[in-house]
Amino acid sequence: MLMSAFRPLRTFAQRYFDENRGYFLSLYGAYITLWIGMWTIRDIAQGATFIDLFRNYSFDYPWIMVCFTLVFVRARWISGIFLAITLFWLLYGFG
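So, here is what we can say about the structure in this document. In this text, all values refer to a predicted model and were calculated from it rather than measured experimentally. (Residues numbered from 1 in each chain as written. Predicted model: local features only at pLDDT ≥ 70, side-chain atom pairs only at ≥ 80, totals over all residues. Heavy atoms only, no water.)

Some words on a nonpolar patch on the surface
Our working definition: The patch calculation keeps residues exceeding 30% relative accessible area without a salt bridge and links them within 9 Å when they carry like charges or within 5 Å when they are nonpolar (Val, Leu, Ile, Met, Phe, Trp, Tyr). Where accessible areas are quoted, they stem from the Shrake-Rupley method and a 1.4 Å probe; at the residue level, only the protein chains shown are allowed to cover. A pairing counts as a salt bridge when a side-chain nitrogen of Lys or Arg comes within 4 Å of a carboxyl oxygen of Asp or Glu. For helices the rule is a DSSP run of H or I covering at least 4 residues; for strands it is a run of E covering at least 2, with both sets numbered from the N terminus onward. Partly exposed residues are those whose accessible area sits between 20% and 50% of the maximum for their type, while under 20% is buried and over 50% is exposed, using a 1.4 Å probe and protein chains only.
Together, F59, W77, I81 and I85 give the surface a local cluster of nonpolar side chains, amounting to about 400 Å² of exposed area. Along the chain, I81 turns up in helix α5 (residues 76-94). In this structure I81 comes out as partly exposed when scored by relative accessible area, which is 38%.

Re the layout of surface pockets
Note the following rule: Cavity: a set of points on a 1 Å grid over the protein atoms alone where a 1.4 Å probe fits but cannot get out. Pocket: an open set with protein on both sides within 12 Å along at least five of seven lines, its lining residues, like those of a cavity, having an atom within 4 Å of a point. Grid points are joined across faces, edges and corners, and a volume is the space filled by probe spheres set on the points. Just so you know the grouping, Ala, Val, Leu, Ile, Met, Phe, Trp, Tyr, Cys and Pro go in nonpolar, Asp, Glu, Lys and Arg go in charged, and all remaining residues, Gly too, go in polar.
Each pocket or cavity is described by its volume, and for the largest pocket that value is around 260 Å³. As for the largest pocket, its lining consists of W35, I36, W39, N56, Y57, S58, F59, D60, W89, L90, Y92 and G93. At the level of elements, α2 (12-45), α3 (50-57) and α5 are the ones that each hand at least two residues to the lining of the largest pocket. When residues of the lining of the largest pocket are assigned to their parent elements, the largest contribution, four residues, is made by α5. Residue composition of the lining of the largest pocket, by class: eight nonpolar, three polar and one charged.

Concerning helix α4 (residues 60-69)
Residues three or four positions apart in an α-helix share a direction because the helix packs 3.6 residues into each turn. Selection criterion: Regarding the arc, it is the one traced by the directions from the helix axis to the C-beta atoms.
Three or more residues of α4 are buried, namely D60, W63, I64 and C67. Looking straight down α4, one finds that the buried residues subtend no more than 105° of arc, so they occupy a single side.

What about the packing of aromatic side chains?
For clarity, the threshold we go by: Each pair of aromatic rings taken from Phe, Tyr and Trp, with Trp reduced to its six-membered ring, is defined by centres within 6.5 Å and is described as stacked if the planes are under 30 degrees apart, edge-to-face if over 60, and tilted in the remaining cases.
Summed over the entire model, instances satisfying the criterion amount to six aromatic pairs. Where F24 meets Y28, the ring centres are 6.3 Å apart and the plane angle is 15°; that geometry is what we call stacked. Of this pair, F24 and Y28 both sit in helix α2, four residues apart, which is roughly one turn of the helix. Under the relative-accessibility criterion, Y28 is labelled buried at 13%. Ring plane angle 20° and centroid distance 5.1 Å describe the contact between W63 and F82, whose orientation is recorded as stacked.

Listed below in structure tokens is the structure:
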């Protein structure tokens, strides 16, 4: 999917990506919202304060808003950069 966002030729993968971009980003945004929301609830249950939550999730909360904003973006290169940053973000989080 990342490669289809950057290639200049109109291939089947690019058409599929263009037609389903909104669905993919909406589904991904819902997943990230649920995932980060569950971690936030767990931290609140363990007694975390607002400052603790902001310190732990200062990148994650804005990322949710960016994800849902990108549903309306049509430029493939922006979606490709978003997907690449997401890949690095996930690898950093699990690393």
